[in-house]
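Residue-level listing of the chains:
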Amino acid sequence: MTNRLVIVGAGQAGFALAAKMRALKDTRPITIIGAEESLPYQRPPLTKKYLLGEMSFDRLLFRPQHWYADNDVEIRLTTWVEQIKRDEKRVVMQDGSSLDYGTLVLATGSTPRRLPPSVGGDLDGVYVARDKRDADLLAGEMRAGRRALIIGGGYIGLEAAAVARHRGLEVTVIEMADRILQRVAAKATADIMRRIHQDHDVVIREKTGLKQLVGKNGRVVAAELSDGTTIDVDFVVVGIGVAPNDQLAKEAGLDVANGVVVDAFARSSDPSIYAVGDCAILLWDGGRARLESVQNAVDQAEAAAAIIGGGNEPYDPKPWFWSDQYDVKLQIAGFNLGYDETLFRAGAREGAASIWYFKAGKFIAVDAVNDAKAYVTGKKLLESGVQPDRAVLADPASDLKQLLGLMK
Ligand code: FAD
């Protein structure tokens, strides 16, 4: 019997877990198996500085090649894990090889939803943004004067729109819902971000879906929209959300419900199998949620590493997130799921603002637009559990420091 720790997925969470094991001086054998050809790298710059051409791929890598040898972490790239044989505690690769595990971690991430071929999703010039390859293909399309259609007004779509405008393209964003950022942010945040994009000459068409992409010689040339209009396009970016990579777990008979179901210790329904990052659905506020973020991938993986190493501390998520668009930094502390009230606060600087979310009277999250002070204050309040004084929040002349007065 082996005590080998096998990690499926060489992304943000898989790497963080291996690194934490070694930081905790755990010496058991570790193997990370990843489908991509690159060493583990960070994804956020793929629709930000990397796509803009302002950051080289080397700078995206968490660690250089020698780190893995130096830390006795085996890494197998371009390798797809096809099956988990739980009875034998073994994973089977696509090439038929297999590897025994003592503990298995699923860190398989998520996959962007694509458009079906029936609406032209398989035409050339239609992209998603998930990995290095996607970003490289997209970067090749970003030439001044060309026409980009972005389908989906979420963070990924809006970041791609900002890069395309920066590169001098004509950009249209279509969003099927009533407004952009509908799933992830309040109307006030969406209003600010819409204005910023419109100021940069992005055409934003809300309540507008895609009817059909039109191809010529196998490549997209136009898009028929749900309002009956047709626009000419040179390429399309599809940013309509992601689905967790939980197939492997499902086929192995683990509990799966829009993600691998885990407890507060990142443990799946099989006690020797853990799941971390985008692929896991965790306990949140009396229910379950998936947190698709760097914060969760790293913190949950590190918590799981401590547990695998013999610890007993549950993972208590403290979500935060960010999005960069043009020179605007949107920072989010907390998770606004189920909010029923928001409060707008104008920031001290021109263009700065924050939107504070409440659920049943309790402060749960803040979106800070170019307002680091609001972000830091919100984060500290959430960590301490202190409720902000709304009169102070609502008064733009007030100093947010007052809110922290009650904290130790
Ligand atoms: P991933 O990093 O996706 O890694 C999963 C890996 O597992 C992949 O390499 C995949 O190929 C591999 N894999 C899957 N199945 C198998 C298998 N069967 N066998 C072998 N390998 C397998 N988050 C933020 O907080 N802020 C941001 O600004 C932000 N921007 C983003 C921008 C982009 C373009 C993208 C794509 C994501 C962004 N995110 C951002 C989200 C963040 O990057 C993810 O939440 C994070 O990468 C999740 O880490 P993970 O390890 O769970 O998954």
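Values in this document were obtained by computation on a predicted structure and should not be read as measured data. (Residues numbered from 1 in each chain as written. Predicted model: local features only at pLDDT ≥ 70, side-chain atom pairs only at ≥ 80, totals over all residues. Heavy atoms only, no water.)

**Things to note about the sheet that holds strand β25 (residues 353–359)**
Move 1: With antiparallel pairing, the five strands of this open sheet are ordered in space as β22-β23-β26-β25-β24. Edge positions in the open sheet fall to β22 (320–325) and β24 (341–346), since each of these has one partner strand only. Taking the axes of each pair of neighbouring strands and ignoring which way they run, one obtains an average angle of 15° across the sheet.
Move 2: Relative to β22, helix α5 (residues 155–166) is tilted by about 25°, and along the sheet it contacts β22 and β23 (328–334). (Pairing = 2+ DSSP bridges. Helix = DSSP H or I, 4+ residues; strand = E, 2+ residues; numbered from the N terminus. Axes fitted to C-alpha atoms, helices over the stretch in contact; angles between N-to-C directions. Contact = heavy atoms within 4.5 Å.)

**Details of helix α1 (residues 12–23)**
Move 1: Along its 12 residues, α1 runs 16 Å from first to last C-alpha, staying within 8% of the 16 Å computed at 1.5 Å per residue.
Move 2: Counting buried residues along α1, 10 of its 12 residues qualify, which places the element largely inside the surrounding structure.
Move 3: Of the residues making up α1, those classed as buried are Q12, A13, G14, F15, A16, L17, A18, A19, M21 and R22.
Move 4: On its buried side, α1 packs onto β1 (5–8), β2 (30–33), α3 (65–70), β3 (73–76), β7 (103–106) and α8 (294–308). (Expected span 1.5 Å × (residues − 1). Buried < 20%, exposed > 50% of the residue type's maximum accessible area, 1.4 Å probe, protein only.)

**Some remarks on the sheet that holds strand β19 (residues 273–275)**
In a beta sheet, neighbouring strands pair by backbone hydrogen bonds and run either parallel or antiparallel.
Move 1: Taking strand neighbours across the sheet as the criterion, the five strands line up as β3-β2-β1-β7-β19 in an open arrangement whose pairing is parallel. Because the sheet does not close on itself, it has two edges, and the strands there are β3 and β19. Going across the sheet, the axis of each strand differs from the next one's by a mean of 20°, ignoring polarity.
Move 2: For β7 and β19, the ladder comprises three bridges, and the chain directions are parallel. From the neighbouring strand, V105 faces β19, where its bridge partner is Y274.
Move 3: Against the sheet, α8 engages β1, β7 and β19, with an angle of about 160° to β19.

**Focus on the site of the ligand**
Move 1: Around the ligand sit 32 residues, and of these A13, E36, K48, R130 and D278 come closest.
Move 2: For the ligand, an oxygen atom lies 2.8 Å from a polar atom in the side chain of D278.
Move 3: In this structure, an oxygen atom belonging to the ligand sits 3.1 Å away from a main-chain N or O atom of S293.
Move 4: Compared with its free state, where it exposes 1000 Å², the ligand has 95% of that area covered by protein.
Move 5: When residues of the shell around the ligand are traced back to their parent elements, those giving at least two are α1, α8 and β22. (Near = heavy atom within 4 Å. Polar contact = N/O pair within 3.5 Å; in protein donor to acceptor, adjacent residues only side chain to side chain. Areas by Shrake-Rupley, 256 points an atom, 1.4 Å probe, with all protein chains shown as cover.)

**What to know about the layout of surface pockets**
Rolled over the atoms, a probe as big as a water molecule pinpoints where empty space is left.
Move 1: Looking at the second largest pocket, its volume works out to about 530 Å³.
Move 2: Going through the elements one at a time, β20 (280–284), β23, β26 (362–369) and α9 (372–384) are the ones with two or more residues in the lining of the second largest pocket.
Move 3: Of the residues forming the lining of the second largest pocket, the biggest block, four residues, is contributed by α9.
Move 4: Of the residues contributing to the lining of the second largest pocket, the split by class is 14 nonpolar, three polar and seven charged.
Move 5: Two domains each put at least three residues into the lining of the second largest pocket: domain 1 (5–111 + 242–308) and domain 3 (327–404). (1 Å grid on protein atoms, 1.4 Å probe; cavity = no way out; pocket = protein on both sides within 12 Å on 5 of 7 lines; lining within 4 Å. Points joined across faces, edges and corners; volume = space filled by probe spheres on them. Nonpolar A, V, L, I, M, F, W, Y, C, P; charged D, E, K, R; others polar. Domains from an automatic or database assignment.)

**Points about unusual backbone geometry**
Glycine aside, a negative phi is what most residues show, and trans is what most peptide bonds show.
Move 1: Located in the positive-phi region is N217, a residue other than glycine, with phi close to 50°.
Move 2: Here N217 shows up in the loop between β13 (210–216) and β14 (219–225).
Move 3: Residue class for N217 comes out exposed when judged on its relative accessible area of 78%.
Move 4: Of note, the phi angle at A360 is positive, near 45°, even though the residue is not glycine.

**Things to note about the side chain of R22**
Move 1: As for its position among the elements, R22 is in helix α1.
Move 2: Of the side chains bearing the opposite charge, D72 lies closest to the buried R22, which forms no salt bridge; the N-O distance is 4.5 Å.
Move 3: Here D26 takes part through its backbone oxygen, which lies 2.5 Å from a polar atom of the side chain of R22.
Move 4: Apart from the residues within four sequence positions on either side, R22 is in contact with T27, R28, P29, I30, N71, D72 and V73. (Lys, Arg positive; Asp, Glu negative; His and termini not counted. Salt bridge = Lys/Arg side-chain N within 4 Å of Asp/Glu carboxyl O.)

**Observations concerning α5**
Move 1: Here α5 spans 16 Å end to end across 12 residues, near enough to the 16 Å set by a 1.5 Å rise per residue.
Move 2: The element α5 is extensively covered by neighbouring structure, given that nine of its 12 residues are classed as buried.
Move 3: Taken together, the buried positions of α5 are Y155, G157, L158, E159, A160, A161, A162, V163 and A164.
Move 4: One or two steps after α5, the chain reaches G168, where phi turns positive at roughly 85°.

**Quick word on the nonpolar core**
Move 1: Within the largest apolar cluster, 38 residues are counted, with the highest numbers of intra-cluster contacts made by L138, M142, V171, V173, L181 and F235.
Move 2: Top contributing element to this core by residue count: α5, with six residues.
Move 3: No fewer than three residues from each of domain 2 (117–238) and domain 3 (327–404) sit in this core.
Move 4: Other than its neighbours up to four places away in sequence, L181 contacts G153, G154, Y155, L158, A190 and M193.
Move 5: If you look at the next biggest cluster of nonpolar residues, it comprises 29 residues, including A10, A19, I32 and V276. (Core = buried A, V, L, I, M, F, W, Y, C linked by side-chain atoms within 4.5 Å.)

**Section: the domain arrangement of the protein**
Move 1: Per the domain assignment, the segments making up the protein are domain 1 (5–111 + 242–308), domain 2 (117–238) and domain 3 (327–404).
Move 2: On a C-alpha basis, the centres of domain 1 and domain 2 stand 30 Å from each other.
Move 3: Taken together, the contacts link 18 residues of domain 1 with 16 residues of domain 2.
Move 4: Summed over both partners, the interface of domain 1 with domain 2 comes to about 1400 Å²; 58% of that surface belongs to carbon and sulfur atoms.
Move 5: Broken down residue by residue, the surface that domain 1 buries against domain 2 is led by T47, L51 and L52, which jointly contribute 46%.
Move 6: Our count for the contact surface shared by domain 1 and domain 2 stands at two salt bridges.
Move 7: We note a salt bridge from D278 to R130, for which the minimum N-O separation is 3.2 Å.
Move 8: No other element matches helix α2 (residues 49–52), which puts three residues into the side of domain 1 that touches domain 2.
Move 9: Broken down by class, the residue content of the side of domain 1 that touches domain 2 amounts to eight nonpolar, four polar and six charged. (Buried area = accessible area lost by both parts, 1.4 Å probe.)

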